[in-house]
Amino acid sequence: MKRLLGIILGSLAIALVYILANLLLFSSKQSDIEKIAPIKVTNAAPQHLSDAIKIKTISYDDPAMIDTASFHQFIELLYEKYPVAFGKMEYTFLGGMTMLFKWQGKRTDLKPMILMSHYDVVPVPEANLSEWKEPPFSGLIKNGEIWGRGAIDDKVGVIGIMEAVEMLISSGFQPDRTVYLSFGHDEEIMGINGAKQVAHYLKQKGVKAEFVLDEGGYITQGLVPGMQKDVALIGTTEKGFVTLELNVDVEGGHASMPKKETAIDVLSKAIGKINENPFPSYISKPLNDFIDYVGPEMPLGFRTVFANATLLEPVLMAVYEKAPSSNALVRTTVAPTIIEAGEKNNVLPTYARAVLNIRILPEESVNSVHEDLKEVIDDERVKIKILEKSEPASISNPDHPTYVMLDKSIKQVFGDIVISPYIMIAASDSRYFSKVSDHIYRFCPFKLNKQNIKSFHGINEKIGVEEFKDCVRFYHQLIKNGATEM
Ligand SMILES: [Zn+2]
């Protein structure tokens with residue numbers, strides 16, 4: 001008994017030493033970059049964003065509802081407001097209304113860089129209109145804020161980049177490497193005619209980019225549990241997705257003499273099994289990067305857990321699994337989105353159909369998910385069909401000079417904040433660029449908190465005037481840093 005107690009105490013002591021050693025070795029990965037004096041951005045810039053918001057470049061799933069005249073009007077607005085940029089850069093239109101600019105660099109031995117954004121927006125449902133404090137397409141500038149759809153998703157990107165380019169060219173700046181700008185017109189409806197065509201076009205031309213920056217992570221405030229400081233999240237990868245259709249076709253009959261299982265029974269059992277057997281949760285490579293970059297900046301309790309993430313993985317996973325937003329970071333998720341069956345009160349359904357929306361972690365694949373689900377359902381009568389798919393993005397390495405340059409640009413403009421790689425859960429247009437560059441980042445240079453996060457595709461979308469000017473400053477600095485040799 002005494003010996004057993006000794007063994008237990010001894011093991012605990014070893015574990016404690018191990019945990020403490022990990023904590024001591026868990027050192028900060030934050031760079032030591034000074035904020036630079038902010039450049040002057042005139043009030044014309046927020047006015048241009050306001051003008052851009054007023055144009056209803058709305059994407060609808062039904063192509064007949066899309067008002068192409070508005071999209072042309074938006075392009076004309078850019079042409080009118082950025083004469084210097086249009087004069088200096090070559091540009092071409094792909095898929096009709098997606099713009100691709102090429103700003104020739106001085107050195108052909110350097111690979112180009114690509115900045116991406118999109119100028120289409122999601123519709124504002126009629127039912128929500130009354131909840132908007134200011135009309136969604138007013139572009140109103142009031143109390144230091146610019147109101148309307150597209151203010152943060154993602155006309156801020158297009159206008160922010162164009163302002164920076166106009167300023168740089170006007171000041172005589174010439175990039176060493178070629179800079180491409182890609183502004184999609186259909187990101188909100190999958191980017192098939194826009195970004196996908198741009199990626200194809202560039203690949204055909206043999207363009208291999210040093211890095212790509214698209215929308216994605218933000219400077220989060222109070223959104224990373226345990227962190228007081230602002231945390232800029234750079235998406236170094238994004239989840240893939242697959243939409244699966246489950247079909248069940250069985251013999252019919254009369255409801256007065258039901259068979260043991262109707263199509264509804266078979267399908268609901270399949271969905272039940274999927275629910276009971278979720279994909280495993282684990283610390284993937286990009287989540288591990290996040291832990292390495294954010295962990296050392298956290299208060300002692302969190303820091304101890306993050307420093308011992310491998311040892312304490314089950315504890316960490318139990319915490320992450322609690323909230324839907326963090327659960328999505330640690331596993332491939334499955335959401336049934338459509339279910340259809342039955343036609344008449346007294347007729348047994350012969351056919352049932354369900355649609356599953358699945359978001360795939362970067363270290364898995366469409367195929368592995370498909371195979372796993374087939375195994376879980378384990379019923380020949382349930383036919384699985386892939387409706388649409390996109391493989392998870394490759395994982396960009398935060399040790400790479402392009403990440404370091406991006407990190408530096410953020411700190412130069414936003415000062416002393418924590419910067420970390422992370423997994424983007426939603427899909428961005430950049431997913432089409434995997435063959436164009438090995439270093440794809442997803443980051444938007446403005447602050448996201450518990451209030452404005454709801455305005456994404458929601459109500460009362462807006463951005464601060466000063467905040468928008470910082471976006472311009474960021475793109476200005478990023479082009480200066482990124483367009484030179486790293
Ligand atoms: Zn967007």
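The rules we used
- Residues numbered from 1 in each chain as written.
- Predicted model: local features only at pLDDT ≥ 70, side-chain atom pairs only at ≥ 80, totals over all residues.
- Heavy atoms only, no water.
- Pairing = 2+ DSSP bridges.
- Helix = DSSP H or I, 4+ residues; strand = E, 2+ residues; numbered from the N terminus.
- Contact = heavy atoms within 4.5 Å.
- Axes fitted to C-alpha atoms, helices over the stretch in contact; angles between N-to-C directions.
- Donors = N, O, S within 2.8 Å, 3.2 Å for Na, K, Ca; no water.
- Tetrahedral: all angles 85-135°; square planar, octahedral: opposite > 155°, others 65-115°.
- Buried < 20%, exposed > 50% of the residue type's maximum accessible area, 1.4 Å probe, protein only.
- Salt bridge = Lys/Arg side-chain N within 4 Å of Asp/Glu carboxyl O.
- UniProt positions renumbered as here; feature names shortened; annotations may be inferred.
- Domains from an automatic or database assignment.
- Nonpolar A, V, L, I, M, F, W, Y, C, P; charged D, E, K, R; others polar.
- Phe/Tyr/Trp six-rings, centres within 6.5 Å; stacked < 30°, edge-to-face > 60°.
- Core = buried A, V, L, I, M, F, W, Y, C linked by side-chain atoms within 4.5 Å.
- Parallel < 35°, antiparallel > 145°, perpendicular 65-115°, else oblique.
- Left-handed = near helix turned anticlockwise from the far one by under 90°.

Sheet architecture is open: 3 strands sit in the order 4-5-15, paired in antiparallel fashion. Strand pairing shows two members of the sheet lacking a second neighbour, strand 4 (141-142) and strand 15 (462-464), which therefore form its edges. Along the sheet face, helix 14 (residues 465-482) touches strand 4, strand 5 (145-147) and strand 15 and points at about 80 degrees away from the line of strand 15.

So, on to the coordination of the zinc ion. The zinc ion binds to the protein through H118 (NE2), D153 (OD), E215 (OE) and E215 (OE); the donor distances cover 1.9 to 2.6 Å. Taken together, the 4 donor atoms coordinating the zinc ion and their angles of 52 to 150 degrees define a geometry best described as irregular. Site description for the zinc ion: donor spacing in sequence, H-x34-D-x61-E. Of this pair, H118 sits in strand 3 (residues 113-118) while E215 sits in strand 7 (residues 211-220), placing them 97 residues apart in sequence. Since its relative accessible area comes to 8%, E215 is described here as buried.

Applying the stated criterion across every chain, the model contains 23 salt bridges. Residue K229 pairs with D416 through a salt bridge whose shortest N-O separation is 3.3 Å. Placement of the pair is K229 in the loop between strand 7 and strand 8 (231-238) and D416 in the loop between helix 13 (401-414) and strand 13 (418-424), with a sequence separation of 187 residues. A residue is classified by how much of its surface remains accessible, and K229, at 36% relative accessible area, is partly exposed. One salt bridge connects E238 with R442, and the closest N-O pair in it is separated by 2.8 Å. Taken together, the residues E238 in strand 8 and R442 in strand 14 (residues 440-448) connect sequence positions 204 residues apart. A cluster of three or more residues bridged by salt bridges with shared partners is formed by D51, K54, E80 and K81.

With that settled, the discussion passes to the UniProt feature "domain: Peptidase M20 dimerisation" (unreviewed entry) in the chain. In the numbering used here, UniProt assigns the feature "domain: Peptidase M20 dimerisation" (unreviewed entry) to residues 237-381. The span residues 237-381 shows a helical share of 41% and a strand share of 21%, and its end C-alpha atoms are spaced 36 Å apart.

On domain assignment, one finds that the chain holds domain 1 (44-235 + 395-482) and domain 2 (240-279 + 332-390). Placing the centre of domain 1 and that of domain 2 at their C-alpha centroids yields a distance of 38 Å. Taken together, the 7 residues of domain 1 in the interface contact 7 residues of domain 2. Partitioning the side of domain 1 that touches domain 2 into residue classes produces 6 nonpolar, no polar and 1 charged.

This paragraph deals with the packing of aromatic side chains. Inspection of every chain in the model, using the stated rule, returns 15 aromatic pairs. Between F86 and F101 the ring centres are 5.2 Å apart and the planes differ by 90 degrees, which places this aromatic pair in the edge-to-face class. Here F86, found in helix 4 (residues 83-88), pairs with F101, found in strand 2 (residues 98-103); they are 15 residues apart in sequence, far enough to count as distant. Accessibility assignment for this pair places F86 and F101 in one class, buried. An angle of 65 degrees between the planes, with centres 6.1 Å apart, marks the rings of Y403 and Y441 as edge-to-face. Here the residue Y403 occupies a position in helix 13, and Y441 occupies one in strand 14, the gap between them amounting to 38 residues. Like Y441, Y403 is buried.

Reading across the sheet, the 4 strands line up as 10-11-9-12 and stay open at both edges, with antiparallel pairing between neighbours. Each edge of the open sheet carries a strand with a single partner, namely strand 10 (333-341) and strand 12 (382-390). Direction aside, neighbouring strands of the sheet carry axes that sit 20 degrees apart on average. Bridge analysis of strand 9 (residues 240-249) against strand 12 gives 8 bridges, and the strand direction is antiparallel. Residue pairing for strand 12: V248 is matched across the bridge by V382.

Moving on, we get to the nonpolar core. Counting 68 residues, the largest nonpolar core has L181, L213, I410, I463, F468, F474 and I479 as the members making the most contacts within it. In terms of residue count, helix 5 (residues 155-170) provides more of this core than any other element does, 9 residues in total. Contact partners of I463, with chain neighbours within four places excluded, come to L49, G144, E145, I146, A151, I152, V156, F446, F468 and C471. Counting residues in hydrophobic clusters, the runner-up holds 26 residues, among them L23, L287, L316 and M317.

Angle between the axes and distance between the axes: these two values describe a pair of packed helices. Where helix 13 meets helix 14, the closest approach of the two axes is 9 Å, and the angle between their N-to-C directions is 140 degrees. Judged by the angle between their axes, helix 13 and helix 14 are oblique. As for how helix 13 packs across helix 14, the hand of that crossing is right-handed. Every residue of helix 14 that contacts helix 13 at M405, L406, K408, S409, I410, Q412, V413 and F414 is listed here: D470, R473, F474, Q477, L478, N481 and G482. Residues that form the contact of helix 13 with helix 14 fall into these classes: 7 nonpolar, 5 polar and 3 charged.

Between D153 and the following residue, D154, the backbone shows a cis peptide bond with an omega angle of -5 degrees. By the secondary structure assignment, D154 is in the loop between strand 5 and helix 5. One non-glycine residue, M190, lies in the positive phi region at around 90 degrees. Structurally, the position occupied by M190 is in the loop between strand 6 (179-184) and helix 6 (195-204). Here N460, not a glycine, exhibits a phi torsion of approximately 55 degrees, which is positive. Its place among the elements puts N460 in the loop between strand 14 and strand 15.

Looking at the element boundaries, T304 is found in helix 9 (residues 300-307). Each C-alpha atom, one on T304 and one on N327, is 21 Å from the other, the two residues being 23 residues apart in sequence. Setting aside chain neighbours within four positions, we find T304 in contact with I19, L23 and L312.

Moving on: the packing of helix 7 (residues 263-276) against helix 12 (residues 366-377). Packing of helix 7 against helix 12 leaves a shortest axis separation of 9 Å and a crossing angle of 115 degrees. Crossing angle aside, the handedness with which helix 7 passes helix 12 is right-handed. In this structure, helix 7 contributes A270, K273 and I274 to the contact, and helix 12 contributes L373, V376 and I377. Among the residues making up the contact of helix 7 with helix 12, the classes are represented as 5 nonpolar, no polar and 1 charged.

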